Every structure is written in C-alpha cells, then in structure tokens.
Amino acid sequence: MAGMFVTLIKNPQITTAIAISTFIGLRLGKETLFLGYYKDKLLQSYKDGVETPVDKHTKTLAQEVLDKFQLRPEAEADLQLFTCFSQDAVYGGSTHLKTGSIIGLPANFAYKSVNDIDKSKLTIGQKAIKWDTPEGTLFAESLILSDDAKRFAIARQINYLDSLEIYVDNGFLLCFSMLGYWVGHAANVLLHLKRKLPTFMRGSLYVCIASVGATLYFLAKDEYICYLDEKVDRKSADFGKEYAAGGIEFYAKELQRNKALRCLLGDYGKKVYTKYGNYVTTWRLRHPPPITRHEKMEKFSTRKVNEENARSEKVNDGTA
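Okay, the layout of surface pockets next. A water-sized probe, rolled over the atoms, reveals where empty space remains. Of the pockets and cavities examined, the largest pocket occupies roughly 1,400 Å³. Forming the walls of the largest pocket are 43 residues, and the residues nearest its centre are Tyr 91, Glu 165, Ile 225, Arg 286 and His 287. Secondary structure elements with two or more residues in the lining of the largest pocket: helix H2 (12–31), helix H3 (35–43), strand S4 (90–93), helix H7 (147–161), helix H8 (165–191), helix H10 (199–237), helix H11 (241–264) and helix H13 (290–319). With 5 residues, H10 is the largest single contributor of residues to the lining of the largest pocket. Classifying every residue of the lining of the largest pocket gives 19 nonpolar, 10 polar and 14 charged.

What follows is the structure, encoded as structure tokens:
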C-alpha cells in the first residue's frame, strides 16, 4: 500500500488521471447508476416517512405532454415522475440513457386554489409564513398554476432530459481538466521547473493553472446552459399557443414568488432576490434571469399565435 502511494507521488500523471476519472465518474454515477439513490435521498418529498405521491391530475397532464414528444417507448417507460421537496421542478438522467430519467415536480402542482395550501405546515427556511400580509398573499397566489403553465413546466423538464446536457457538461469538464494538466506538464518540461523551482512554488503554479482551468470550465458551462435554457423554452412553446401562454404565466408566477420571498425572508431574501424578482448573481450567470425568460416567452407566444392564425387563414381560404 505504501509502495503504491509513493508511486502516485512520483507519477503526477497517474495521480491526475485517477483524480479526473474519479470525479467525472461520480458526476456521471449520480445521473446514471445511482440516479434512484440520488432521488430518494436528496430530492424526494416525504410525509410521515412515506413518499409524497404525485396527484392523479398532474399525472394526466404529464402523459398529455409525453404524448407530444413521441419518445422511444423504452425512454418513456423509464421516465419516473415524483414529488420533490424543492420549490422548483428538478430533473436527472437522460432520455438517451438506458438508466432512465426522473422529473421532480413541487407540491404546488397539486394545488388548484389557495384553499388547497396547507398553510399550517408550509414554512420558509423553517420559519412560519405571515400569510395575512400582502407578501404572504402574493406568495400564496404565486403557488397556483393553471394547467397550461403546468404543461409548459413539464414539457420544459422533458426537453432538458432529451437534450445533450449530460454529455456536453462532462465533456467540458474533461477537456478543461486535461487542458490544465497539459499546460502544467508543458511548463514543467519546457521551462525545467523541477530544477529551477522548489516543490511548494511549483505547487502554487499548479493551483493557479487549475484555477484558470476551472474558471474557463464554469464560463463555458454557464454559456451553454443559458443557450440551452432559451432553446428549451422555445421548443416547449412550439407545442402550441396554449403552451406558450403557459410559459408566460409560469415565469410571471416565478417572478411574483421571488418578489414575495424577498420580503418574507428579510435580510436573507435581499441577498438572494432582487426587487424585480430575479436572482442575485456574482460573476457567474448560471441561467438567464426569469424576467428575461418571461420577455422572450412573450415573443415566442406572439410568434406562435401569428403562425397558427396564418395557418387557419390558409385553411379557410382553401375551403372557401
């Protein structure tokens, strides 16, 4: 065992390859072999120790959306719907993999009116919500979605699962990890750093190179995710003007919810949400702001309505 450890120290190439392979393997495992474990332990909502079931009406809506996608029978059979404990829908896996995929929908998908909200048990950050305040009323109303908004949200999640995100993300990680390694290796060989610099200085240089590589990875990933978000919204709206209208409502309710939470959460809310309902960001833009997605959905909706009206006019002209 000690000999193996010495071998790894003397051969940084082997150490780096093992570290990169292990990290990527764990990330892929979460989305493939250990997808069920990941869902059960980190995403699933429970009530009294029992999984919170997805209500019958939501299952019906999900099937309506699935029918529009016409996925492979195996991919559709392996797609699991469940109730997640988070306030936003989640997804995992891929429709392109035999290990299946999951979609988690928040509990408010079962609500049809504010009367369905269990206000005595619903908390924010383990704090009771002041439902009788304007912000509390705003928050309650933001949880109620129409069937069109729910269909859009489900279609959006399926489009994510049907994309190449899992491959692109891990591909970026592999490329920038290897790039950082080869830059460090080339600097060692070309500049003879092993003879010129002590170990701790070379280590500091490697840390700097790794930091640059990580920054490039995050920038590339965020750029791709923002592109994917817009593509997913557009493809979901393309199912019909009802879906496009549902998308407008979905993002309007998200903005409404965030504005309410900004007040209800006090100082912490101001650190997370802006007064417009967007998320406070630093140097990374992981997703387009909700207000931007809402504005683009309005454009998608207008285009879709115009396209469907034009088709109707052609049909009417043909039968006249």
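As a packed pair, helix H6 (residues 134–142) and H11 sit with axes 8 Å apart at the nearest point and diverge in direction by 150°. Considering the angle they form, H6 stands roughly antiparallel to H11. Where H6 crosses over H11, the handedness of that crossing is left-handed. For the pair formed by H6 and H11, the contact residues are Glu 135, Gly 136, Leu 138, Phe 139, Glu 141 and Ser 142 on the first element and Lys 253, Gln 256, Arg 257, Ala 260, Leu 261, Cys 263 and Leu 264 on the second. Among the residues making up the contact of H6 with H11, the classes are represented as 6 nonpolar, 3 polar and 4 charged.

Time to look at the nonpolar core. When a protein is soluble and globular, its nonpolar side chains tend to lie buried together. Counting residues in hydrophobic clusters, the biggest one holds 27 residues, and the most contacted among them are Val 65, Ile 154, Ile 158 and Phe 250. Those elements that provide at least two residues to this core are helix H4 (56–69), strand S5 (101–105), H7, H11 and H13. Sequence-distant contacts of Ile 154, that is, excluding residues within four places in its chain, are made with Thr 58, Leu 61, Ala 62, Val 65, Leu 105 and Phe 109. By size, the runner-up hydrophobic cluster in this structure holds 12 residues, among which are Tyr 111, Ile 124, Trp 131 and Tyr 273.

Analysis parameters
- Residues numbered from 1 in each chain as written.
- Predicted model: local features only at pLDDT ≥ 70, side-chain atom pairs only at ≥ 80, totals over all residues.
- Heavy atoms only, no water.
- 1 Å grid on protein atoms, 1.4 Å probe; cavity = no way out; pocket = protein on both sides within 12 Å on 5 of 7 lines; lining within 4 Å.
- Points joined across faces, edges and corners; volume = space filled by probe spheres on them.
- Helix = DSSP H or I, 4+ residues; strand = E, 2+ residues; numbered from the N terminus.
- Nonpolar A, V, L, I, M, F, W, Y, C, P; charged D, E, K, R; others polar.
- Axes fitted to C-alpha atoms, helices over the stretch in contact; angles between N-to-C directions.
- Parallel < 35°, antiparallel > 145°, perpendicular 65-115°, else oblique.
- Left-handed = near helix turned anticlockwise from the far one by under 90°.
- Contact = heavy atoms within 4.5 Å.
- Core = buried A, V, L, I, M, F, W, Y, C linked by side-chain atoms within 4.5 Å.
- Buried < 20%, exposed > 50% of the residue type's maximum accessible area, 1.4 Å probe, protein only.

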